[in-house]
Amino acid sequence: MAAYLQWRRFVFFDREMVKEPPGPEGAGGKPFALPPGITVCDSGRGSLVFGDILYGGGKRDGAGPSGLPRVRGLGPAGRAAPRGETCAVWCGLSSETGPAILQPWVKVWNLEKRDGGNPLCTRIFPAIPGNKPTVVSCLTVHENLNFMAIGFADGSVVLTKGDITRDRHSKTQILHEGSYPVTGLAFRQSGKTTHLFVVTTENIQSYLLSVKDYSHLELDTHGCGLHCSSLSDPSQDLQFIVAGNECVYLYQPDERGPCFAFEGQKLIVHWYRGYLIIVSKDRKTSPKSEFAGNEAQNSDKQVLNIYDLCNKFIAYSSVFDDVVDVLAEWGSLYVLTRDGKIHVLQEKDAQTKLEMLFRKNLFEMAINLAKSHHLDSDGLSEIFRQYGDHLYNKGNHDGAIQQYIRTIGKLEPSYVIRKFLDAQRIHNLTAYLQTLHLQSLANADHTTLLLNCYTKLKDSTKLEEFIKASESEVRFDVETAIKVLRQAGYYSHAVYLAEKHDHHEWYLKIQLEDIKANSEEFIPVFANNSRELKAFLEHMTEVQSDSPQGVYDTLLELRLQNWAHELDEQIKEKLHDEALTLLKSGRFKTVFDKALVLCQMHNFKDGVLYLYEQGKLFQQIMHYHMQNEQYKKVIEVCELYGDQEACLWEQALGYFARKEEDCKEYIAAVLKHIENKNLMPPLLVVQTLAHNSTATLSVIKDYLVNKLQKQSCQIEQDGQRIQKYREETTRIRQEIEELKASPKIFQKTKCSICTSALELPSVHFLCGHSFHQHCFESYSESDSECPTCMPENRKVMDMIRAQEQKRDLHDQFQHQLKCSNDGFSVVADYFGRGVFNKLTLITDLPLGKSATTIEAGLQRELLMHTKRST
């Protein structure tokens, strides 16, 4: 139940009095008035029909409400209802059967045909079968003129079925009998189904006329007075309206619908263009009789209210004096009062009504009103925009964005987006952009902005819903979405879009550059397309420097294949450089052998030599040049790498010695280097060159002479060194003997550390150095060693210990002996280090030789002597 007191009131109708048309001389403008005694009236088909209680029937048709001339000749009291054809049907008391009996008769007039200037009466027949006298209370005719129902005060209803304009094509029967006066009738046509609503003062019933037995259903146990019922239009689903004093009820043929609490004594009820029109008493001063009708019980004022049931507001309200009825024609309402005056109510246009609502900020009501007036989408969009602006200015951003969403498709999106770029309103902007995409009206910038909103909100769920929502139709630019997701770090979402929409390049980019999956896994994909595989691998090496080794291996193989099969020299040279550059990138250190095999398979000479060099395979480099008989290259290899691997020169000498060609120049160069570095014994050189038939003695003459001269010099130097060592040894032995046999006199007068005059207490060593005791204690590391002689003594001791440690290096000696070209030098080196000396370790003193104790003490005195004086 809706209380109308809470409904807003508006003035959506303009009221004015119907006036007389201008006269011949231009005079006029007086209020138009009908003759007194008008009791019934109706409208339709461009006509207003009035009936009084004295004269009969008449009508006024014309071009509108500018003027209504006086009408004469109206029939007796009745209800006029033009339907279908332009016909008028009314019923009233007549003495057609005799002066003593008055019974209701029905007359049907064709308003389009004339009979002596008056409308043609096509049929006259009694209202009820037989001669039962009763009063007609109401009448209704179906719009197709195939049904007519007449209600009586005794509670009966007569139904006429068939063409009511002809006697031969219609049948009349009593449909309903009851104890209460019938106050309202209405036909409802829905498809092929016809219902008749019957309302009395005490109940409401519905009859189904589409079946033979005319089944009926009681809808309610209360009724209404005369003129207080009506049938709505399709906007209210053709519901039957019954107005009681407390409420207004709406009915379907099989049930009661909603009700509205419109209080007051109802006098007249009509339905007009979606509006419910109710005329009621202004104040309750006199009780309503059981069968009141619209006859006023006094001259109290009456209020006409026009209700909009859909939008829940009062469109118009005004006070009138004693209303007879309300008619609707020519797009206006006409209110007939008892004094014969007619008031016209002209509805304001939709734009005017909307502006009135806008001024009061009643945007919701304006929207509903616009929809009920079937305003076009542009007009509705403008209302939504104004409503959104109003809410936005009030700070209601959630409500504002909902209105802006309703403008999508009409309002430029940038108008809305600019308002919600603030970080605090990002969720509102997200909602707007979502709807923009759902309606497939978003461009690439909108997609970028929406995805950025998702990522800033960290709303992974919404993000997934957005990119996975549409399986059949994509509502956004996929490539733009992929780019934005990559930038935001949502790689899994980006790769999903790329895979789903067949963006292969983007899929590979994300997988390889962002997610870093193993790029080797994609190599089989290009099994039959080496060119694309090469482009893919080159791209990977550029963007991902730490690509798997398999990428570089495959790329090297492809470049070598292209180089090997290319015929154009310029292109071949370019491919050669590319392959060599890849080899020199340092990516093949761990797969050296594999890269070497690839280069050898494709006869890539420069690559092979480079790898030999990187692997320090100098002999292989030289052998490569030897196989190709590149003599100068052999010499160059020896010069470059001979210091790292001396045997290269020996191998070069053997190589040239085996050549039957004249290689004297190269042999001489090799011998010169061998001589300078002393790489081979002369005898071995002679034996090596003996295999060459072209090599004569003159080739090695200079080498042998120089070698002999150097050896002579070396012998002489060795002799001098031996003589020196002998003399030194003799001197040392003499000193030892003197120390053993003679006392040592310490005559040093200065400290060997501070060079100051020597004072007691002092410390003296047999080596001849003397020290202040405090200087000795400050600088000495050991109480038994001379600080001055200690560094030199330690060197000697380290050498002795090193020789002792190397005496047992048998395996090392054997290895060096086998690998060295000069075995004699190796033997001499180990001999000099005492490897071949027999070591005797004395652990116990021989019995009976106590002198050894004295010798041991003497040795200690020789090392150190301490003299302290007090």
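Just so it is clear, the structure is predicted and the values come from calculations on it, not from any experiment.

Draft legend 1. Main features of helix 15 (residues 592-601). Buried within helix 15 are the following residues: Phe592, Ala595, Leu596, Leu598 and Cys599. Each buried residue of helix 15 lies within a common arc of 160° when the element is viewed along its axis, so the set occupies one face. The exposed set on the far side of helix 15, more than 90 degrees from its buried face, consists of Asp593 and Met601. Its buried side turned inward, helix 15 meets helix 13 (549-565), helix 14 (569-583) and helix 16 (605-614). Of the residues one or two after helix 15, Asn603 is the one with positive phi, at around 55°.

Draft legend 2. Representation of the packing of aromatic side chains in the model. Using the criterion set out here, one finds 23 aromatic pairs in the structure. The interplanar angle of 15° and the centroid separation of 5.1 Å between the aromatic rings of Phe363 and Tyr387 together place this pair among those described as stacked. One end of the pair, Phe363, is in helix 2 (residues 363-372); the other, Tyr387, is in helix 3 (residues 377-393), and 24 residues separate them in sequence. By the burial criterion, Phe363 is buried, and Tyr387 matches it. For the ring pair Phe765 and Phe771, a centre distance of 6.0 Å and an interplane angle of 75° mean the geometry is edge-to-face. Overall, Phe771 belongs to the buried group, its relative accessible area being 0%. These aromatic residues form a ring-pair network of at least three members: Trp7, Phe260, Phe262 and Tyr307. The ring of Tyr392 has Lys419 sitting right over it, with the charged end atom 4.7 Å from the ring centre.

Draft legend 3. Region of interest: the pattern of salt bridges. Summed over all chains, the structure comprises 12 salt bridges. In this structure, Arg166 and Asp163 form a salt bridge, with 2.7 Å as the shortest nitrogen-oxygen distance. The exposure class assigned to Arg166 is partly exposed, which follows from its relative accessible area of 43%. Within this structure, Glu382, Arg385 and Asp389 form a network of salt bridges that share partners.

Draft legend 4. Spotlight on the environment of Gly184. Here Gly184 is to be found in strand 14 (residues 182-190). The exposure class of Gly184 is buried, given its relative accessible area of 3%. Distance in space between the C-alpha atoms of Gly184 and Cys228 is 7.4 Å, their sequence separation being 44 residues.

Draft legend 5. Here's a closer look at a negative patch on the surface. Residues Asp568, Glu569, Glu573, Asp577 and Asp606 make up a contiguous surface patch of negative charge. In terms of residues, the negative patch owes the most to one element, helix 14, which gives 3 residues. Residue position: Asp606 is located in helix 16. The class for Asp606 is partly exposed, based on a relative accessible area of 32%.

Draft legend 6. Representation of the sheet that holds strand 17 (residues 216-220) within the structure. Spatially, the 4 strands line up as an open sheet ordered 14-15-16-17, and their pairing is antiparallel. Each edge of the open sheet carries a strand with a single partner, namely strand 14 and strand 17. The average undirected angle you get between the axes of adjacent strands in this sheet is 20°.

Draft legend 7. Molecular detail of the nonpolar core. In terms of nonpolar packing, the biggest core is built from 66 residues, with Phe12, Phe13, Leu304, Ile306, Leu345 and Tyr432 touching the most fellow members. Leaving out residues up to four positions away in the same chain, Leu345 has contacts with Phe13, Asp14, Arg15, Leu304, Ile306, Tyr316, Phe320, Ser332, Leu333 and Val335. Listed in part, the 59 residues of the second largest apolar core include Tyr552, Leu575, Leu596 and Leu679.

Draft legend 8. Broad picture of the packing of helix 15 against helix 16. Viewed as axis vectors pointing N to C, helix 15 and helix 16 meet at an angle of 155°, and their least axial separation amounts to 8 Å. When the interaxial angle is binned, helix 15 and helix 16 end up roughly antiparallel. Here the hand of the crossing between helix 15 and helix 16 comes out left-handed. Contact with helix 15, carried on its side by Phe592, Ala595, Leu596, Cys599 and Gln600, involves Gly607, Val608, Leu611 and Tyr612 of helix 16 and no other residues of that element. The residue inventory of the contact of helix 15 with helix 16, partitioned by class, reads 7 nonpolar, 2 polar and no charged.

Draft legend 9. Structural view of the side chain of Thr165. Tracing the backbone shows Thr165 in the loop between strand 12 (157-162) and strand 13 (170-176). When its relative accessible area of 10% is taken as the criterion, Thr165 is described as buried. Engagement of the side chain of Thr165 in a polar contact is seen with the side chain of Asp163, the distance being 2.7 Å. Engagement of the side chain of Thr165 in a polar contact is seen with the side chain of Arg166, the distance being 3.5 Å. Among residues more than four places away in sequence, those in contact with Thr165 are Cys87, Val108, Thr122, Arg123 and Leu145.

Draft legend 10. Here's a closer look at the sheet that holds strand 13. Taking strand neighbours across the sheet as the criterion, the 4 strands line up as 10-11-12-13 in an open arrangement whose pairing is antiparallel. Two strands in the sheet have a free side with no partner beyond their single neighbour: strand 10 (136-141) and strand 13. Across the sheet, the axes of successive neighbouring strands diverge by a mean angle of 20°, strand direction being ignored. Of the strand pairs in this sheet, strand 12 and strand 13 are connected by 6 bridges, and their pairing is antiparallel. The residue of strand 13 that forms the bridge with Gly162 is Ser170.

Draft legend 11. Examining the state of the cysteines more closely. Here the structure, examined in full by the defined rule, presents 0 disulfides. This cysteine, Cys138, is not joined by any disulfide, and Cys224 carries the nearest cysteine sulfur, 9.5 Å off. Unpaired in terms of disulfides, Cys259 finds its nearest cysteine sulfur in Cys247, a separation of 5.1 Å. Owing to a relative accessible area of 13%, Cys259 belongs among the buried residues under this scheme.

Draft legend 12. Main features of a nonpolar patch on the surface. Residues Val796, Met797 and Ile800 make up a contiguous nonpolar surface patch of roughly 240 Å² in combined accessible area. Relative to the helices and strands, Ile800 resides in helix 24 (residues 790-805). A residue is classified by how much of its surface remains accessible, and Ile800, at 38% relative accessible area, is partly exposed.

Draft legend 13. Expanded view of unusual backbone geometry. Following Leu760, the chain continues into Pro761 via a peptide bond in cis, with omega recorded as -5°. With respect to the helices, strands and loops of the structure, Pro761 is situated in the loop between helix 22 (697-741) and strand 29 (762-764). Although it is not a glycine, Leu145 sits at a positive phi angle of roughly 65°. Mapped onto the secondary structure, Leu145 falls in the loop between strand 10 and strand 11 (147-152). Phi at Arg273 takes a positive value of approximately 50°, unusual for a residue other than glycine.

So, how was this worked out
- Residues numbered from 1 in each chain as written.
- Predicted model: local features only at pLDDT ≥ 70, side-chain atom pairs only at ≥ 80, totals over all residues.
- Heavy atoms only, no water.
- Buried < 20%, exposed > 50% of the residue type's maximum accessible area, 1.4 Å probe, protein only.
- Helix = DSSP H or I, 4+ residues; strand = E, 2+ residues; numbered from the N terminus.
- Arc of directions from axis to C-beta.
- Contact = heavy atoms within 4.5 Å.
- Phe/Tyr/Trp six-rings, centres within 6.5 Å; stacked < 30°, edge-to-face > 60°.
- Lys NZ or Arg CZ within 6 Å of the ring centre and 35° of its normal.
- Salt bridge = Lys/Arg side-chain N within 4 Å of Asp/Glu carboxyl O.
- Patch = residues over 30% accessible without salt bridge, like charges linked within 9 Å, V, L, I, M, F, W, Y side chains within 5 Å.
- Areas by Shrake-Rupley, 256 points an atom, 1.4 Å probe, with all protein chains shown as cover.
- Lys, Arg positive; Asp, Glu negative; His and termini not counted.
- Charge placed at Lys NZ, Arg CZ, Asp CG, Glu CD.
- Pairing = 2+ DSSP bridges.
- Axes fitted to C-alpha atoms, helices over the stretch in contact; angles between N-to-C directions.
- Core = buried A, V, L, I, M, F, W, Y, C linked by side-chain atoms within 4.5 Å.
- Parallel < 35°, antiparallel > 145°, perpendicular 65-115°, else oblique.
- Left-handed = near helix turned anticlockwise from the far one by under 90°.
- Nonpolar A, V, L, I, M, F, W, Y, C, P; charged D, E, K, R; others polar.
- Polar contact = N/O pair within 3.5 Å; in protein donor to acceptor, adjacent residues only side chain to side chain.
- Disulfide = S-S within 2.5 Å.

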